There are 2 protein chains.
Amino acid sequence: MIEENQETEFIIPHDSLVFIPLGGVTEIGQNFFLYGYKGKWLIVDCGLGFPGDHFPGVEVLLPDPTFIAQHKKDIVGLFITHGHEDHIGAIPYLWQDLQCPIYATPFTAELIEDKLNEFNLVGRAQLEVIEQGALLELPPFEIEFIPVNHSIPEPNMLAIRTKEGTIIHTGDWKFDSSPVIGEKINIDTLKELGRNGVLALVCDSTNIFSEKEEKTEQDVRSSLIEIFKSAPSRIIITCFASNVGRIESIYQAAHETGKQVCLMGRSFWRIDSAARAAGYMKNIPPFLTEEEAENIPKNKIVYICTGSQGEPYSALSKIASQNTNELFMLGESDTVIFSSRVIPGNELAIAALQKRLLMSGCTIITDREKLVHVSGHPSQDSMKKLYEYLKPQIAIPVHGEPMYIIEHKKLAEKWGAKNAIIVEEGDVLELNDGDPEIIGEVPVGCLAVDGKKIVSLGADVIKKRRKMIEGGSVVGTVVVNQKGDLLGEPQISSFGLLDTDPSDLETLIQLIKKNISDMDNSLKEDDATLKETIRLTIRRFITEQFGKKPLIEIHLVRI
Amino acid sequence: MIEENQETEFIIPHDSLVFIPLGGVTEIGQNFFLYGYKGKWLIVDCGLGFPGDHFPGVEVLLPDPTFIAQHKKDIVGLFITHGHEDHIGAIPYLWQDLQCPIYATPFTAELIEDKLNEFNLVGRAQLEVIEQGALLELPPFEIEFIPVNHSIPEPNMLAIRTKEGTIIHTGDWKFDSSPVIGEKINIDTLKELGRNGVLALVCDSTNIFSEKEEKTEQDVRSSLIEIFKSAPSRIIITCFASNVGRIESIYQAAHETGKQVCLMGRSFWRIDSAARAAGYMKNIPPFLTEEEAENIPKNKIVYICTGSQGEPYSALSKIASQNTNELFMLGESDTVIFSSRVIPGNELAIAALQKRLLMSGCTIITDREKLVHVSGHPSQDSMKKLYEYLKPQIAIPVHGEPMYIIEHKKLAEKWGAKNAIIVEEGDVLELNDGDPEIIGEVPVGCLAVDGKKIVSLGADVIKKRRKMIEGGSVVGTVVVNQKGDLLGEPQISSFGLLDTDPSDLETLIQLIKKNISDMDNSLKEDDATLKETIRLTIRRFITEQFGKKPLIEIHLVRI
């Protein structure tokens, strides 16, 4: 996917401290941020994006590493803020193009190692496990990992120090006054950073439209205890697999109400083993497997399931389809809890899953009815505090649709940032002297993982695929002799035309035969003319009969 | 689409008063409700559904009229509550199957006539224009149109009176304390209905999760005036075309701030003419066309545009693509207002449109930042009042995902309904004696308008189309003689495999040739065996190379 000889036209001045986002600014996902200084590069995060229905048939999106791959010898390292897929998921796909050490805290490193394993990269990719709070000297950068709170263990804010000043890159974060995993954010650390001077703050915009601070994970835990107490029979609860704090909350709520906990779905088992390997969930006995849970009375069991976003192959989706073992048949006395938010784009899939679940008569509880979820991102209140502590000269909003980025910029100015600046993917932002300026652009783009291939996501490819979905596709086969006389019957295949009646196809074949025999003899000898005649016959017929414009290909075989 | 000889197995008892929803209960859209009594049928509404990305390539969904089409001679009429697409949009498609008079108030009738016109049904379909508040005697039913408030002119609640009792069918409604079009709901009328006894209330659940009453359209108008006052240059505002009250509010806000108004998009011109034909917008001078607006100074013009849901061919989408005339180039001083809600499923399309708009530097205002929209549906507060006034014995929640229906049922019980009952599409609900019982089921389904065809939406068809999107499709053509020896080169076409490298195809063709020549002579003489060999060759190759499982068809021509 990378053209080796492609040179970047834009040359970064040696003494410029630059920030170049290659993904993760004006969208959620594909986090991939570059910091460049004195010919060296530091990368923060390397994440996936999820295309939703926007890119038909594509499961996963990657940021395009073309620009930084040209500088791979000068990369001091890839620094991972935390273990969510939109921050680590692209590592195994893009590592070949980076070939630099990866720095991550223990839990995050466990998740990364799983991925490297899958891609046979263990031993080749250098994974450096560092402690939370670690300080690394990688000239011309000094990088400090500052623990924050978020919806996964070991989230970190990075302080990136250079001779030009200190940049704070928040990653995903929030203030949690009583975190169930990890510690509260150390306010003194933040204040000290502020006193020493912060050149730029690169900060999460995900929740910028929430004004007030939300409830905490402890509040969710208390609420779950009440719900578990009054549930008449089985409890089935779905949440994001990486939310180890939530898993602990569910365990505690189950424990306090005399219930045991079973995990369903591969992602939960993977997180369970990564979390335990990194020293979390020490006081929680092993979770039950589905088989082990079979013998537990129905009012004594809680199932934690994948499927909070309506994913078709998740445990919850299988339960909704009654596609598990017979003992599991969902019933009227069961309670299903969605302990998660709706990720934009998944509304219909989730509603469809809930509809299928409700056919059993079960009770569904979401965050609309009860406190069963809190966000891992900061509201305006929290962000204002962060700005007060850090007093950044420059504010660079990231993580959010443009509406969010613009709102964050406005508020950052209100909160005292001298310069709040909006950058887009590919912009080269010079930060020297606290006077930010976009001094150029580098190639930027989006790659799609499509089956086993990684392909560049040009607009054309997507347009063609959309056209195929809307208009269908038709292939016509015609065999002729050198003079252009038909040998055998023409054959037609069509895809994506909902209602293809065999008699329609027969009519079309007769039409093709007639139009070929009506052609002048000299024209029939020319492949291009013959093909075009057949193509037009098919196209007119489909448009008249179906009101559609399909993609058409002709297999003309001349013998 | 209807099998003429298909008989309903279930016979409805002659003296039963039954309610049979064929659409519009557990989903938004496709409203199509039957009331049956003494061998006669009354239909309420006949609307479209929008499939979103859930049914790839399908633009519009229809309820399946199979059951009622068998009784078309006994239909007393189709009664339309109001003119929204999800209440009238299926009329032209299904009228053939109903062939009954259509009753609608003047504005709604204008919209219906437009549709009949498009389908050459004017003069054939009998459209009866009735006044709001009209009372119709169509034994064994008496039907009264009771004006309510909603986000379109002339919304009506129906009182359907029979010897067994009175049913109130709300349609879409809300209480508006100061409606800009039409009158406030007459509370005395509702109370009197209650005093005379309401057997059943069939009621809108759309906003059941909103507790408090929202602001009114008058409040939106005041808010728009403030926004218009401070806008530095052009104002571009998008809303639902049928929301004539909103169009009036925009006009008034423009008028009070010294601006003129231009309409952009076909739907707005259609509504404009329907509204004026029915006597609305009398005091509003004709809106400007795009050409007329060109000469107006930028700070004196407001454009009302289609596109609030991110529709790709809407006026707003064209503006975002700078795909209008050159004078229109969107710029930093322009203000774009989304005066509408996000319909679930459209989140990503709207976000993508806003992203494109923001590239011009314009300011976007949505209902997140300012009061620019109010809902046309009732909150819990309003519904509670309606239940208090009507005191229905039976409550039948409709219009909403199952979560909404279930919540409505719970609240209806709290609000005093003796029996709150959940029905699904196709259920036959007997209402006699205030003792509701589901006594049977009739055929029910969903039809898709796919280009020019109307097709039944079986799970298989959709499954196949999804498979094609995910796995792509391949057609291979092979010409052989009677012995099975190849004549000419095999040909391959593939669709939806993102990255089809010509050298991959060449490898595949060589593989097919080799595998055919490796076959035993006797096997090559059998078409089925030869085809299967080719199919498997293609399938294995695509799975290995692309990691995909495409739909495969083989054109084998034997000469």
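Residues numbered from 1 in each chain as written. Chains lettered and ligands numbered in written order. Predicted model: local features only at pLDDT ≥ 70, side-chain atom pairs only at ≥ 80, totals over all residues. Heavy atoms only, no water.

A look at the interface of chain A and chain B
Put simply, the test is: Here, residues are in contact when the closest pair of their heavy atoms is within 4.5 Å. Once two parts are put together, the accessible area they lose, assessed with a 1.4 Å probe and summed over both, is termed the buried area. Salt bridge, as used here, is a side-chain nitrogen of Lys or Arg placed within 4 Å of a carboxyl oxygen of Asp or Glu. Charged means Asp, Glu, Lys or Arg here, nonpolar means Ala, Val, Leu, Ile, Met, Phe, Trp, Tyr, Cys or Pro, and polar covers whatever is left, Gly included.
In this complex, chain A contributes 66 residues to the contact, which on the side of chain B involves 66 residues. Both sides together, the interface formed by chain A and chain B hides about 5900 Å², and carbon and sulfur atoms give 65% of it. Where chain A packs against chain B, one counts 0 salt bridges. Here the side of chain A that touches chain B is built from residues that sort into 32 nonpolar, 16 polar and 18 charged.

Looking at the side chain of D334 of chain A
Operational definition: Secondary structure is summarised from DSSP: a helix means a run of H or I of at least four residues, a strand means a run of E of at least two, and numbering begins at the N terminus for each.
Take D334 of chain A: it is sitting in the loop between α10 (315–320) and β16 (335–338). The contact partners of D334 of chain A, leaving out residues within four places of it in the chain, are S233, R234, I236, M329, C362 and T363 of chain A.

A word on the nonpolar core
The line we're drawing: Put simply, a nonpolar core is a bunch of buried Ala, Val, Leu, Ile, Met, Phe, Trp, Tyr and Cys residues held in one set by side-chain atoms that sit within 4.5 Å of each other. Burial here depends on accessible area, computed with a 1.4 Å probe over protein chains only, as a share of the maximum for the residue type. Under 20% is buried, over 50% is exposed, and the range in between is partly exposed.
Judged by nonpolar contacts, the single largest core of 72 residues is most densely connected at I20, I68 and F228 of chain A. If one sorts the elements of this core by residue count, helix α7 (residues 244–256) of chain A sits on top with 6 residues. Each residue touching I68 of chain A, except ones within four places of it in the same chain, is listed here: L22, F32, L34, W41, I43, I75 and L98 of chain A. By size, the runner-up hydrophobic cluster in this structure holds 71 residues, among which are L48, I91, I225 and I284 of chain B.

Focus on the relation of the copies chain A and chain B
Copies of the same chain, two in number, are related to each other by a rotation about an axis and a translation along it. The cut-off we apply is this: The superposition of copies rests on a least-squares fit of C-alpha positions from residues with pLDDT of 70 or more in both.
Expressed as a screw operation, the relation of chain A to chain B combines 0.0 Å of axial shift with a rotation of 180 degrees, fitting to an RMSD of 0.1 Å. Here the symmetry operator amounts to a two-fold rotation axis. Interface residue correspondence from chain A to chain B reaches 100%, placing this contact among same-surface, isologous pairings.

Considering the sheet that holds strand β15 (residues 301–305) of chain B
Residue and element names in this part refer to chain B. Applied cut-off: The criterion for strand pairing is that DSSP finds at least two bridges linking the strands in question. Lines are fitted to the C-alpha atoms to define the axes, a helix being fitted only along its stretch in contact, and any angle between axes, read from their N-to-C directions, falls within 0 to 180 degrees.
Pairing in this open sheet of 5 strands is parallel, and the strands run β14-β15-β13-β16-β17 from one edge to the other. The sheet is open, and its two edges are formed by β14 (260–264) and β17 (363–365), each paired on a single side. For this sheet the average axis-to-axis angle between neighbouring strands, irrespective of direction, equals 20 degrees. Pairing between strand β16 (residues 335–338) and β17: 3 bridges, direction parallel. Along β17, the bridge assignment pairs T335 with T363. Running at roughly 170 degrees to β15, helix α7 (residues 244–256) makes contact with β13 (235–238), β14 and β15 of the sheet.

Observations concerning the environment of G400 of chain A
Looking at the secondary structure, you find G400 of chain A in the loop between β18 (394–398) and α13 (402–414). C-alpha separation for the pair G400 of chain A and T26 of chain A, spaced 374 residues apart in sequence, amounts to 5.1 Å.

Considering the sheet that holds strand β2 (residues 32–37) of chain A
Whenever strands of a sheet pair, they do so through backbone hydrogen bonds, lying parallel or antiparallel. Residues and elements named next belong to chain A. Taken in spatial order, the 8 strands line up as β7-β6-β5-β3-β2-β1-β20-β21 in an open sheet, and their pairing is mixed. Here the strands that pair on one side only, and so sit at the sheet edges, are β7 (127–129) and β21 (437–441). Averaged over neighbouring strand pairs, the angle between their axes works out to 25 degrees when direction is ignored. Against the sheet, helix α3 (residues 91–98) contacts β2, β3 (40–44), β5 (75–79) and β6 (102–104), and its axis sits at roughly 175 degrees relative to β5. Packing against the sheet, helix α4 (residues 106–118) makes contact with β6 and β7, and its axis sits at approximately 160 degrees to β7.

A word on the packing of helix α6 (residues 217–230) of chain B against α7 of chain B
Axes are the key here: two packed helices are described by the angle between their axes and the distance separating the axes. Residues and elements named next belong to chain B. This is how the line gets drawn: Note: crossing handedness is left-handed where the near helix turns anticlockwise from the far helix by less than a right angle, and right-handed where it turns clockwise.
Between α6 and α7, the least distance of the axes is 9 Å, while the angle of their chain directions is 35 degrees. Considering how the two elements wind past one another, α6 and α7 form a crossing that is right-handed. Here α6 contributes E217, V220, R221, L224, I225 and F228 to the contact with α7, which in turn contributes G245, R246, E248, S249, I250, Q252, A253, A254 and E256. Of the residues contributing to the contact of α6 with α7, the split by class is 7 nonpolar, 3 polar and 5 charged.

Structural notes on the pattern of salt bridges
Applying the stated criterion across every chain, the model contains 36 salt bridges over all chains. Its salt-bridge partner being D518 of chain B, residue K514 of chain B comes within 2.8 Å of it at the nearest N-O pair. Ionic contacts of the salt-bridge type, sharing partners, join the residues E142, E144 and R161 of chain A into one network.

Points about α13 of chain A
Applied cut-off: Expected span of a helix, by definition, is 1.5 Å for each gap between consecutive residues, and there is one gap fewer than residues.
In this model α13 of chain A runs 18 Å from its N-terminal to its C-terminal C-alpha over 13 residues, within 8% of the 18 Å that 1.5 Å per residue would give. Turning to α13 of chain A, its buried residues number three or more, namely P402, M403, I405, E407, H408, L411 and A412 of chain A. Contacts from the buried residues of α13 of chain A go to β12 (200–204), α12 (380–390), β18 and β19 (419–420) of chain A together with α11 (347–358) and β17 of chain B. G416 of chain A lies just past α13 of chain A and shows a positive phi near 105 degrees.

Looking at the pairing of strand β23 (residues 453–456) of chain B
On a regular strand, one side chain projects to one face of the sheet and the next to the other, so that they alternate. All names here are of chain B. Burial along β23 is one-sided: K453 and V455 are buried, while I454 and S456, pointing the other way, are not. Relative to β23, strand β22 (residues 446–450) runs antiparallel, the two being bridged by 4 bridges. When the sheet's bridge partners are listed, A448 is paired in β23 with V455. Following β22, the chain reverses through 2 residues before pairing antiparallel with β23; G451 in that reversal takes a positive phi of roughly 65 degrees.

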